[in-house]
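# Examination of the molecular architecture
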Amino acid sequence: MKADMAGGAAVIGAVKAASMLKLPVELYGIIPAVENMISGSSYKPGDVISTASSKTIEVKDTDAEGRIILATPLSRFESKTDVMIDFATLTERA
């Protein structure tokens, strides 16, 4: 899934553009990234994971890793911002 990096690339581009334009804002670009590797401790359908915000996520499908890694940074920064723009490029199955 090489195209999964498109959201991160959009964040880098937006932060660079804001810097070049010298916008009078405090701007943070958050890019959560993980290695998608199979192991004995991999999540399985039916697992329930606790997040940093104390919310839980039930893994219904093993293609949910993108949503899972977004939970922590979004919860840590949502109360500290006036505006949050999510560039996630997650695919959705029909």
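Since this is a predicted model, take the numbers as computed values, not measurements.

### Considerations on the overall build of the chain
Of the regular secondary structure elements, the chain holds 2 helices and 2 strands. In the chain, the succession of α and β elements from N to C terminus is α-β-β-α. Looking at the chain residue by residue over its 94 residues, the buried ones come to 15%. Considering only contacts in the chain between residues 6 or more positions apart, those separated by 24 or more positions represent 35%. Summing over all exposed atoms, the chain offers an accessible surface of approximately 7,700 Å²; the carbon and sulfur share of this is 58%.

### A short note on the pattern of salt bridges
Pairing is possible between side chains of opposite charge, provided their charged atoms come close. On inspection of all chains with the given rule, the structure shows 1 salt bridge. Two residues, Asp47 and Lys44, come together in a salt bridge whose shortest N-O distance is 3.9 Å. By relative accessible area, which is 24% here, Asp47 ends up partly exposed.

### Observations regarding the environment of Tyr28
Along the chain, the position of Tyr28 falls in the loop between α1 (6-20) and β1 (48-50). Taking the relative accessible area as the measure of exposure, Tyr28 reaches 56% and is therefore exposed. Spatially, the C-alpha atoms of Tyr28 and Val15 are 7.5 Å apart, while their sequence positions differ by 13 residues. Within the local environment of Tyr28, its side chain forms a polar contact with the side chain of Glu26, the two groups lying 2.5 Å apart.

### What to know about the side chain of Ser75
Mapped onto the secondary structure, Ser75 falls in helix α2 (residues 65-77). Judged by its relative accessible area of 18%, Ser75 is buried. Apart from the residues lying within four places of it in its own chain, the contact partners of Ser75 are Ala52 and Ser53.

### Some details on the confidence of the model for the chain
The predicted structure's coordinates, where accompanied by low pLDDT, should not be read in detail. A residue-level look at the chain finds 81% of positions with pLDDT of 70 or above and a mean pLDDT of 79. Mean pLDDT per element in the chain: α2 is the minimum at 77, and α1 is the maximum at 89.

Thresholds, definitions, all that
The numbers attached to residues start from 1 for each chain and follow its sequence in the written order. It should be noted that, the model being predicted, local features are given only for residues of pLDDT at least 70 and side-chain atom pairs only at 80 or more, the latter also being counted only at that level, while totals for whole chains, interfaces and linings use all residues. Hydrogens and waters are ignored; side-chain quantities use all the structure's heavy atoms. Only DSSP runs of H or I with at least four residues qualify as helices, and only runs of E with at least two residues qualify as strands; both kinds are numbered from the N terminus onward. Under the scheme applied here, a residue whose accessible area is under 20% of the maximum for its type counts as buried, over 50% as exposed, and between as partly exposed, the area being computed with a 1.4 Å probe on protein chains only. We call two residues contacting when some pair of their heavy atoms lies within 4.5 Å. Note that accessible areas follow from Shrake-Rupley with a 1.4 Å probe, and for residues the cover is restricted to the protein chains shown. We count a salt bridge whenever a side-chain nitrogen from Lys or Arg sits within 4 Å of a carboxyl oxygen from Asp or Glu. As used in this structure description, the phrase polar contact means that two N or O atoms lie within 3.5 Å; if the pair is within protein, one of them must be able to donate a hydrogen and the other to accept it, and residues adjacent in sequence are counted only when both atoms belong to side chains. What pLDDT expresses is the predictor's confidence in each residue, scored from 0 to 100.

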